Amino acid sequence: MSDLILLGLESSCDDTAAAIVRVSDGRSEVCSSVVKGQTQLHAEFGGVVPEIAARAHAETLDDVTRAALTEAGVALSDVDAIAVTAGPGLIGGVLSGVMFAKGLATATGAPLVGVNHLAGHALTPRMTDGLDYPYLMLLVSGGHCQYLRVEGPESFTRLGGTIDDAPGEAFDKAARLLGLSQPGGPFIEAAARCGDPVRFKFPRPLLDREGCDLSFSGLKTALMRARDALVAKHGGLSEQERNDLCASFQAAVVDVLREKSRRAIEASDPRSLTGFAVAGGVAANGPLRESLEGLAKSNDLPFVAPPLKYCTDNAAMIAWAGAELFRLGVRHAMDLSARPRWPLDTRQPGMLGSGKKGAKA
Ligand code: KG4
Ligand code: ZN
């Protein structure tokens, strides 16, 4: 098979990204992956403001694309196809990317491939570790939370997902409640290292219900109550109390994700799987990673956690997913539309969760 050079573009949330990925014989080389975050732009609003995000994407896409081409030493005329996130996500941002990609495709004559952002995450272990189909994937980030059995570039079975907040959102909200900085996950993890994970008996939501669906909003409420009780008692939180709250909160999240992962593995015929993979910012959490790795091992499954820069939002994953689709003959015309919601598994009922970072599927 001949080499393919893909330009990937991503703008579905609060990162504007472009990447050049070269694919030969099913192997990939990420020649460049440029990500420009918007954290500063949204900081004072306590969440992503869709209009500000869309405008910033529109203003930044050409810069990140130029940087990705330069870093890779590739000319626009060398690009074999342009892969762009066409959903799901914040519609203004997705539209900015799709319009930009259409402009480039028209100008260069390169074919256009619309990619599902979640498919980008879900196919990343193939780009980074060459994982074969079928494998089980847990997406855990600030915007996503679902279990997928990944059977092909367009073939996914969703085994469960969050019915309210994503775990990253829960970490971020917990950090806000405890006066820690954003994004909350790393700060909660650091504080938890000095805390007692069994001091507070936080709930393990939905463990009493069959299946792999998850819920995190009740956990956040329980944390708030525990904090309020301590504050009412002596007018504030000591450092040890805060650390204990963080450790107990994190332990609850890890317990829930481990047990739901155990069920997801069991439900997906483990002997047929090539591995258990995780992606998303929350996969950076040490205790969570350790717990899931142990679970995979006890099921004789390789555990794959791609490097963090490809776990969080980036355009290399979009380029790779685009390459897989391109090989299958997928080409999109100028009527490619931007989709705020785009579930990977259309046989399942829609997910309810839609948090601060937009629709989750
Ligand atoms: O995948 P990601 O970078 O982006 C979006 O979903 O947009 O995930 C970001 C999320 C944030 O909510 C952040 O708090 C969480 O990942 N996160 C963590 C850790 N590092 C990042 N959560 C728990 N522990 C961590 N070490
Ligand atoms: Zn994402």
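Below is a summary of the structure that appears in this document. (Residues numbered from 1 in each chain as written. Chains lettered and ligands numbered in written order. Predicted model: local features only at pLDDT ≥ 70, side-chain atom pairs only at ≥ 80, totals over all residues. Heavy atoms only, no water.)

What follows deals with the packing of helix H5 (residues 167–177) against helix H6 (residues 184–192). The description of two packed helices rests on the angle between their axes and on the distance between the axes. Between H5 and H6, whose axes approach to 8 Å, the crossing angle comes to 65 degrees. As judged from the angle between their axes, H5 and H6 are roughly perpendicular. Pair H5 / H6 crosses with left-handed handedness. Residue-level contacts link Phe171, Asp172, Ala174 and Ala175 of H5 to Gly184, Gly185 and Ile188 of H6. A per-class count over the contact of H5 with H6 returns four nonpolar, two polar and one charged. (Axes fitted to C-alpha atoms, helices over the stretch in contact; angles between N-to-C directions. Helix = DSSP H or I, 4+ residues; strand = E, 2+ residues; numbered from the N terminus. Parallel < 35°, antiparallel > 145°, perpendicular 65-115°, else oblique. Left-handed = near helix turned anticlockwise from the far one by under 90°. Contact = heavy atoms within 4.5 Å. Nonpolar A, V, L, I, M, F, W, Y, C, P; charged D, E, K, R; others polar.)

Around ligand 1, a shell composed of 18 residues is seen, among which Gly142, Asp172, Gly185, Glu189 and Gly281 lie nearest. Within the side chain of Ser141, an N or O atom sits 3.2 Å from an oxygen atom of ligand 1. Between ligand 1 and Gly143, the relevant distance is 3.1 Å, taken from an oxygen atom to a main-chain nitrogen or oxygen of the residue. Burial of ligand 1 by the surrounding chains reaches 89%, relative to a free accessible area of 550 Å². Listing elements by their share of the shell around ligand 1, those giving two or more residues are H5 and H6. No other element matches H6, which puts four residues into the shell around ligand 1. (Near = heavy atom within 4 Å. Polar contact = N/O pair within 3.5 Å; in protein donor to acceptor, adjacent residues only side chain to side chain. Areas by Shrake-Rupley, 256 points an atom, 1.4 Å probe, with all protein chains shown as cover.)

In total, this model carries four aromatic pairs according to the counting rule given. Both rings, one in Tyr133 and one in Tyr135, keep their centres 6.2 Å apart while their planes meet at 5 degrees; by these two values the pair is stacked. Since its relative accessible area comes to 0%, Tyr135 is described here as buried. Looking at Arg126, its charged tip hangs above the ring of Tyr133, at a distance of 3.8 Å from the centre. Sitting over the face of the ring of Phe326, Arg331 holds its NZ or CZ atom 3.6 Å from the ring centroid. (Phe/Tyr/Trp six-rings, centres within 6.5 Å; stacked < 30°, edge-to-face > 60°. Buried < 20%, exposed > 50% of the residue type's maximum accessible area, 1.4 Å probe, protein only. Lys NZ or Arg CZ within 6 Å of the ring centre and 35° of its normal.)

Time to look at the coordination of the zinc ion (ligand 2). Angles at a metal have ideal values that depend on geometry: 109.5 degrees with four tetrahedral donors, 90 or 180 degrees with six octahedral donors. His117 (NE2), His121 (NE2), His144 (NE2) and Asp313 (OD) make up the full set of protein donors to the zinc ion (ligand 2), lying at 2.1 to 2.3 Å. Geometry at the zinc ion (ligand 2) is irregular, judged from its four donor atoms and the angles of 87 to 162 degrees they form at the metal. Positions of the donor residues of the zinc ion (ligand 2) along the chain correspond to the pattern H-x3-H-x22-H-x168-D. Of the two residues, His117 is situated in helix H4 (residues 117–129) and Asp313 in the loop between helix H10 (308–311) and helix H11 (316–327); the sequence distance between them amounts to 196 residues. With a relative accessible area of 1%, His117 lands in the buried category. (Donors = N, O, S within 2.8 Å, 3.2 Å for Na, K, Ca; no water. Tetrahedral: all angles 85-135°; square planar, octahedral: opposite > 155°, others 65-115°.)

Strand order in the open sheet formed by five strands is S8-S7-S6-S9-S10, and the pairing between neighbours is mixed. Either end of the sheet is taken by a strand with one partner, and the two such strands are strand S8 (155–161) and strand S10 (303–304). Both strand S7 (residues 145–152) and S8 contribute to a ladder of six bridges, which runs antiparallel. Within the sheet, the bridge partner assigned to Leu148 lies in S8 and is Arg158. The strands touched by H4 within the sheet are strand S6 (135–140), S7, S8, strand S9 (276–279) and S10, with S6 carrying the most contacts at an inclination of about 125 degrees. (Pairing = 2+ DSSP bridges.)

As a further point, take the pairing of strand S5 (residues 112–116). A large share of S5 lies buried, amounting to five of its five residues. Because side chains alternate across S5, one face comprises the buried residues Leu112, Gly114 and Asn116, and the other comprises Val113 and Val115, equally buried. The pairing of strand S4 (residues 81–87) with S5 spans five bridges and is classified as parallel. Bridged to Ala83 within S5 is Val113. Considered for its hand, the β-α-β crossover made up of S4, helix H3 (residues 91–108) and S5 is right-handed. (Right-handed = clockwise from strand over helix to strand, strands pointing away.)

Moving on, we get to the layout of surface pockets. Counted as a void, the second largest pocket has a volume near 250 Å³. If you go around the second largest pocket, you meet 17 residues; those closest to its centre are Gly114, Asn116, Glu154, Leu325 and Trp342. Looking at the lining of the second largest pocket, its residues break down into 11 nonpolar, four polar and two charged. A domain-level breakdown of the lining of the second largest pocket finds at least three residues from each of domain 1 (4–130 + 309–359) and domain 2 (135–301). (1 Å grid on protein atoms, 1.4 Å probe; cavity = no way out; pocket = protein on both sides within 12 Å on 5 of 7 lines; lining within 4 Å. Points joined across faces, edges and corners; volume = space filled by probe spheres on them. Domains from an automatic or database assignment.)

Before going further, it helps to examine helix H9 (residues 286–298). Relative to the 18 Å expected for 13 residues at 1.5 Å per residue, H9 spans 18 Å between its end C-alpha atoms, a close match to the ideal helical length. Considered for burial, the residues of H9 that qualify are Leu288, Ser291, Leu292, Leu295 and Ala296. Projected down its long axis, H9 shows its buried positions confined to an angular sector of 135 degrees, all on one face. When the buried face of H9 is taken as reference, the exposed residues oriented beyond 90 degrees from it are Glu290, Lys297 and Ser298. On its buried face, H9 sits against S6, helix H8 (239–267), S9 and S10. (Expected span 1.5 Å × (residues − 1). Arc of directions from axis to C-beta.)

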